[in-house]
Structure formats: structure tokens, C-alpha cells
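Commentary on secondary and tertiary structure
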Amino acid sequence: MPRTFDPRKNAKNYALSFDKLYNPIRSAMPTMPPLESRGNRPLQMSFEEHLKALIFFHIQEHTSAQHLLQVLEEDEFARSEIAPKGGIKKSSFSEATNTRGLDQFMFIFEEVQKQAAHVLPNYHPKLGNLVAIDGSFIDATLSMQWADYRKGAKKAKAHIGFDLNRGIPRKIFFTNGNGAERPFVSQILSPRETGVMDRGYQCHEKFDLWQEEEKLFMCRIKAKTVKTVIESHPVAPSSIVFYDAVVLLGTAGTSQTKKPLRLVGYEVDNVKYWIATNRYDLSAEQIAAAYKLRWDIENFFAWWKRHLKVYHLIARSKHGLMVQILAGLITYLLLAIYCHEHHNEKVSIKRVRQLRTQIQNELRNSAFSTDSNAESLQNLKEQNDWHLYAKT
């Protein structure tokens, strides 16, 4: 079964903008591990049809699987260019989402992420490669027994590494709502990357471990944390930085770090921040600037949830929810590449809405053009027939 479609297979329903948005995936498809049917029954929905449907789901802000399936049946473009030939039933869509394709979705996410990292500009090269690390809760239903959180509530959690230099998601891990966040730091960070984390990641034992693993990090800590000063560094009176020293953190004999750390304190809007780090190559002001960028991951989560409807559940299994989240991340990466290449801008809801409008306008124009060509051919045929009869 071919993995890619001819984007112009039906000129009447061809949308150039959607084709441009989807284009980065085409270069990744040839090396993707194939999705094969389990058993003798053929696949009712290919991987690419499944992927396109979920991208369409996020772009169009659909609110449920039923909403998506209705559009795939009734919308001419979706029915012709996205849905499987002959349509897709709810049971087949559910089976595809909840039982297969996870490896392929992860592969496409990783490949498109590499493309985005190559295409998008590095906005903070002097600060090094910064990766914000945080978890985001996903409200689950009580029937989702695997999503343990607390009595009377179910939640899942996405643990995401976010490239602060380019403003895109980089890695993802998935657990139930009770899943610990700190163990994923070592898995998310690659060599020469600096993890930027909030107070929830403060753990003196982990600070020692990450240094042993040669992982770089900046982590906000609690102001009341005990500090043993090894070496103090001067700070400028006019700077937002009020503290810069090499310290041991924690109480000696109990929770104290074994390896020294740099501790930078700065104040913004009457709020004091204490940042523990093993980055000694940056100035204290650069440490403060780098930590401020951590808010970008919070903004990403908020925008992603609100405008791409990522957390409107279309699956109840852990497998299916991971597929949905990966599709949402892939959609965001495609938008990041598209907005940069065609508008030289970051992703915004203005450009997403504009894209939706362009797709609809292109469909109308292509339909009009196709109908006009058909009418011209019919008129030409009638003229030829008239000349033929006139000669007799």
C-alpha cells in the first residue's frame, strides 16, 4: 500500500495551503516503519489517512471524534482528500486510534521536530541550547482506570521538553496523573542542553545525579533552602541580580548536596527568584534572562490547549490518548514551520484562522475553475457539433 497520496488526485478539492502545511511530513514518510494489518483483515484506515484526519481535527478546532467523523463524511474536501475511500466508521476510527500506529506517530513527531529545529531561527544563541521541562495534566474520565490521580478524579500527565531557543516541543513522555516528573529530566536532556525547571523539580539528590551525568540545568529553588557558601561573587548595585555564589544546598548530614552548585538570586516585580545551576559560563544576568524564558512553555501549554483543542478527548486508552497528543504536537510543529516559511512569524491564532480561510477559499476557487473548464469543454463540443451539422 503506498504511504503517500498524490495531492492533486482530485483537482476540484485541492487546497494548496493544506498541501504546503502537510509537506514536511512527506519527506519523513519514506523512512517510516510501515504500519501493517494484524491478521488477514485489511486496514480500514491507512496511517496517513489517520494522521491527516487528526491534523485536520486540530486545525479546524473540532471538539470530539463524532464531530470529526461527521465532517469527514459531509465536508467535500475532508471526504475526498482526508477520509479513506468509502469513508470511515466510528468503530474503525476508534480501533485505529486506540490499538495501532503509536510507533509511526512518534517517528513522524521526531522527524518533523528535527526539520523544525533546522528551519526555525535560534532566538537566544548566546544562552546555549535551553530546554524547558514541565508536566501538563490532562483531565481524564473516571472510566479511564489507568489514569490514577486521586480519589474521585482521573488525570494523565504529559512530560514535555520544550526548545526555548526556537519555541517548539522537543520530546514527550506520558504517565498517569501521579507520575513523577524528576526522573524524566535525564531522558529529555541531550548533551550540551540545559534543562530549565521550576521549583517542583528541586531535589538535592537529583542535582548531584544530574551533575554526575554531566547534565546542565537551571532550577528555581525555595527561598528558605539552607545555603552553605563556598565562594561569593560580586554583583552590580544597579542589577536585578542581588546574589551570586557557589554553594552547597540543604542541611549538612541530611539533605545537603555533595557537589557544589552556583546559586543566583534576582528580583522582578518584587518577587525574588533563586536559581540553582551548574552553568558557570554565563553571567548572573544571563542566568536570570534564561530562566525568564521558562514561561514560554507555560504559554505553549495554554495556547496549545485552547486553540488546537488538544485535550478534547477522542480516546480513552493510554495508547489512544498518546496518539492524540502526538498528533497535536505534530500539528503545532507543522504550523511553526508554515508560519515561519510563509509569514516569517511565530505561530499565532491569527495565522491559524487565516490558514483555515485560505483552505476554504482555495477549495471554492478550484471547484469554480474545474466547473469552468468542464463548461468550456462542453461549449467547445457543442460548437463542433454545430459546425458538423452545418456542413451537412
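Basis of the calculations
- Residues numbered from 1 in each chain as written.
- Predicted model: local features only at pLDDT ≥ 70, side-chain atom pairs only at ≥ 80, totals over all residues.
- Heavy atoms only, no water.
- Helix = DSSP H or I, 4+ residues; strand = E, 2+ residues; numbered from the N terminus.
- Buried < 20%, exposed > 50% of the residue type's maximum accessible area, 1.4 Å probe, protein only.
- Contact = heavy atoms within 4.5 Å.
- Areas by Shrake-Rupley, 256 points an atom, 1.4 Å probe, with all protein chains shown as cover.
- Arc of directions from axis to C-beta.
- Axes fitted to C-alpha atoms, helices over the stretch in contact; angles between N-to-C directions.
- Parallel < 35°, antiparallel > 145°, perpendicular 65-115°, else oblique.
- Nonpolar A, V, L, I, M, F, W, Y, C, P; charged D, E, K, R; others polar.
- Phe/Tyr/Trp six-rings, centres within 6.5 Å; stacked < 30°, edge-to-face > 60°.
- Lys NZ or Arg CZ within 6 Å of the ring centre and 35° of its normal.
- Salt bridge = Lys/Arg side-chain N within 4 Å of Asp/Glu carboxyl O.
- Left-handed = near helix turned anticlockwise from the far one by under 90°.
- Pairing = 2+ DSSP bridges.
- Right-handed = clockwise from strand over helix to strand, strands pointing away.

Remarks on the overall build of the protein
- Helix and strand counts for the protein stand at twelve helices and ten strands.
- Counting across all 392 residues of the protein, residues that qualify as buried make up 51%.
- Of the contacts formed within the protein by residues at least 6 apart in sequence, a portion of 64% connects residues at least 24 apart.
- For the protein, the exposed surface amounts to about 19500 Å²; the carbon and sulfur share of it is 50%.

What to know about helix α9 (residues 284-292)
- Those residues of α9 not exposed but buried are A284, I287, A288, A290 and Y291. What you see down the axis of α9 is that its buried residues fit within an arc of 165°, all on one side.

Brief notes about the packing of helix α5 (residues 90-99) against helix α11 (residues 318-343)
- Relative to each other, α5 and α11 sit at 90°, their axes nearing to 6 Å. Comparing the axis directions of α5 and α11 gives the class roughly perpendicular. For the pair α5 and α11, contact is made by T97, N98 and T99 and by H319, G320 and V323, respectively.
- Among the residues making up the contact of α5 with α11, the classes are represented as one nonpolar, five polar and no charged.

Considerations on the packing of aromatic side chains
- Evaluated as defined, the whole model comprises 19 aromatic pairs.
- Between F137 and Y149, the aromatic rings sit 5.2 Å apart at their centres with planes inclined by 65°, giving edge-to-face as the arrangement. Placement of the pair is F137 in strand β1 (residues 129-140) and Y149 in strand β2 (residues 148-150), with a sequence separation of twelve residues.
- With centroids separated by 5.7 Å and ring planes inclined at 45°, the aromatic side chains of F300 and F301 adopt a geometry described as tilted.
- Note on F301: relative accessible area 4%, which makes it buried.
- Among the aromatic side chains, those forming a connected cluster through ring pairs are F162, F300, F301, W303, W304 and Y332.
- The ring of Y149 carries K155 above its face, with NZ or CZ at 5.7 Å from the centroid.

Section: the pattern of salt bridges
- Within this structure, the stated rule accounts for 15 salt bridges.
- Residue E193 pairs with R170 through a salt bridge whose shortest N-O separation is 2.9 Å. Residue E193 is found in strand β5 (residues 193-197), and its partner R170 is found in strand β4 (residues 168-176); the two are separated by 23 residues along the sequence. As far as the burial class goes, E193 and R170 line up, both buried.
- Note that R262 is salt-bridged to D244, the shortest N-O span being 3.1 Å. Taken as a pair, R262 in strand β9 (residues 261-268) and D244 in strand β8 (residues 241-249) lie far apart in primary sequence, 18 residues in all.

Quick word on the side chain of H307
- Among the structural elements, H307 can be located in helix α10 (residues 295-308).
- The contact partners of H307, leaving out residues within four places of it in the chain, are H58, E61, I349 and R356.

Re the packing of helix α6 (residues 102-119) against α11
- Look at α6 against α11: their axes get within 9 Å of each other, and the N-to-C directions meet at 20°. Classified by the angle their axes make, α6 and α11 are roughly parallel. Handedness of the crossing formed by α6 with α11: left-handed. Where α6 approaches α11, its residues L102, F105, M106, I108, F109, V112, Q113, Q115, A116 and V119 are matched on the opposing element by H319, M322, V323, L326, A327, L329, I330, L333, L334, I337, H340 and E341.
- Its residues assigned to classes, the contact of α6 with α11 shows 17 nonpolar, four polar and one charged.

With respect to the pairing of strand β6 (residues 216-220)
- With four of its five residues buried, β6 lies for the most part within the structure.
- Strand direction decides the pairing type here: β5 and β6, joined by four bridges, are parallel. Opposite M197, over in β6, you have C219 as the bridge partner.
- In this fold, the crossover linking β5 to β6 by way of helix α8 (residues 204-212) has right-handed handedness.
- Across three bridges, β6 lies against strand β10 (residues 271-277) in antiparallel orientation. Its bridge partner being in β10, M218 is matched across the sheet by T277.

Notes on unusual backbone geometry
- Of note, R192 is a non-glycine position whose phi angle comes to about 70°, a positive value.
- Position of R192 among the secondary structure elements: in the loop between α7 (184-188) and β5.
- For R192, a relative accessible area of 69% corresponds to the exposed category.
- Even without being a glycine, N270 presents a positive backbone phi close to 65°.
- By secondary structure assignment, the location of N270 is in the loop between β9 and β10.
- Residue N270 is classed as exposed on the basis of its relative accessible area of 73%.

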